[in-house]
Every structure is written in structure tokens, then in C-alpha cells.
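Architecture at a glance
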Amino acid sequence: DSLSAGESTPQETKLVQDISAERQKTLPLLKRVAELGKQGHNTEAAALLTQQVRSDETAWRKTVTDLARNESQLNAAAFDDAQTGQTRSMTVGVVLAATAVVLGIALAWLTTRSVTRPIARAIEVTERIAKGDLTSKVESQSHDEFGRLLDAVARMQDKLCELVSQIRQSADSIVTASSEVAIG
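These lines cover the structure that appears in this document, whether it is placed above or below. In this numbering scheme, every chain counts its residues from 1 along its sequence in written order. For this predicted model, a pLDDT threshold of at least 70 governs which residues receive local features, and a threshold of 80 or more governs which side-chain atom pairs are given and counted, while totals over whole chains, interfaces and linings are taken from all residues. As a rule here, side-chain values come from all non-hydrogen atoms in the structure, and water together with hydrogens is ignored.

Axis geometry follows a simple rule: fit a line to the C-alpha atoms, using only the stretch in contact for helices, then measure angles between N-to-C directions, giving values from 0 to 180 degrees. Numbering of helices and strands starts at the N terminus; helices are DSSP runs of H or I of at least 4 residues and strands are runs of E of at least 2. Relative to each other, helix 2 (residues 10-38) and helix 3 (residues 42-130) sit at 155°, their axes nearing to 9 Å. The angle between the axes of helix 2 and helix 3 places the two elements in the roughly antiparallel class. The way helix 2 lies across helix 3 gives a crossing that is left-handed. All residues other than Ala, Val, Leu, Ile, Met, Phe, Trp, Tyr, Cys, Pro, Asp, Glu, Lys and Arg, Gly among them, are scored as polar; the first ten of these are nonpolar and the last four charged. Of the residues belonging to the contact of helix 2 with helix 3, the class tally is 17 nonpolar, seven polar and 11 charged. By the definition adopted for this analysis, an angle is roughly parallel if under 35 degrees, roughly antiparallel if over 145, roughly perpendicular if from 65 to 115, and oblique otherwise. By convention, the crossing between two helices is left-handed when the near helix turns anticlockwise from the far helix through less than a right angle, and right-handed when the turn is clockwise.

Written as C-alpha cells, this is what we have:
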């Protein structure tokens, strides 16, 4: 009866009903055999056992065996379904993890590139300025910290150009004044 209370297939339901019907048929006969035995009617009890109870009990046992076989097949199918689901879930998990790793690598590469390019450009310009080349064109395409750094390098280069220009003018003025003093 407890099997029929849960979720079951039509075949399970029929087998449980058959078991119940065979039990209903066999148990009263077994009780009758027991009563005959208690009363000392052993010959009648043996005849009832061999003629009626044995065939009913055999049918009952066969139906119970069929139900057990059916349950075993259903369990095997459920196990296969669970394994398939687990494999599918693992595959999806691996694909998602691999996708996350690829996206992480791409994001790290883009982030590194967005940092290293402006710094490399700033280093290139400052090295040229350090060598005395004030003709480098400094352009910043971003407005973040690195863009501000390149803008500051450009302003420094412009100020150095002004300073060098002023020093040249002063030097030219000194040369002119020295020439005038020397000429007298």
C-alpha cells in the first residue's frame, strides 16, 4: 500500500494492485490452513496447501518479483538520467569556467595595454626631452590619469621650449652687448 501512495508509473500501480489482490486471496487461505492445523486436521490442511494456497502464493511471489524487477529497471533508468544530467552540468560548468578565464585574460590584457601604452609614450617623450629634443609632439587621447600625465609632459616641454628660447634671446642680447662694448 505504501508503494501506491507515492508517484508511480501505470505498470507499478497495476503490479501493486495485483499484489494486493493476490494477498487478499492468499492470506485467508493461509489462516484457514493454520486453523485446520491447530484443530488437528493435518490432512485437510495439507490438501488445502497443495491444491489452492501453493498456486495462489506462487502467483503472489511472481508478481512481487515482477514489481522488484520493474523497480530495478526504473532505478537504473533514473540513475542513467542523473548521470547524464551530472555530465551535462559538469560540461556547462567547464564551459562557463573556460569562458570566464578567457574573458578574464582578455580584460587583463586590455587593462594592461591601457596602462602600459600611455606610460610607454610618456617615457619616450621624457627620454627625448632628457636628450635635448624638444620637438616631440605629445598628444593625449584620454582624459584619465595617464592622459593628464601626457598633458603635463607636453606643458613641461612647452615651458622648456620657452625657457630655451628666452635663454637664446638673452644669450643673443649678451653677444650683441659684448660686441658693442668691444667695438666701443
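What follows continues from the structure just given.
Mapped onto the fold, V164 is located in helix 4 (residues 145-183). The exposure class assigned to V164 is partly exposed, which follows from its relative accessible area of 30%. Once the C-alpha coordinates of V164 and L134 are considered, the two residues, 30 residues apart in sequence, prove to be 9.6 Å apart. To sort residues, take the accessible area from a 1.4 Å probe on protein chains only and compare it with the maximum for the residue type: under 20% means buried, over 50% means exposed, and anything in between is partly exposed.

The next point concerns the nonpolar core. Core analysis: the largest hydrophobic core is formed by eight residues, namely A122, V125, I129, L134, V138, L150, V153 and A154. At the level of elements, helix 3 and helix 4 are the ones that each hand at least two residues to this core. Throughout, a residue-residue contact means that at least one pair of heavy atoms, one from each residue, lies within 4.5 Å. Discounting residues that sit within four places of it in the chain, V153 has contacts with V125, T126 and I129. Nonpolar cores are built from buried Ala, Val, Leu, Ile, Met, Phe, Trp, Tyr and Cys residues. Side-chain atoms within 4.5 Å join them into one set. The next biggest cluster of nonpolar side chains, apart from the first, holds six residues, and it includes L36, A45, L48 and V53.

Any link to function would need more than the numbers given here.
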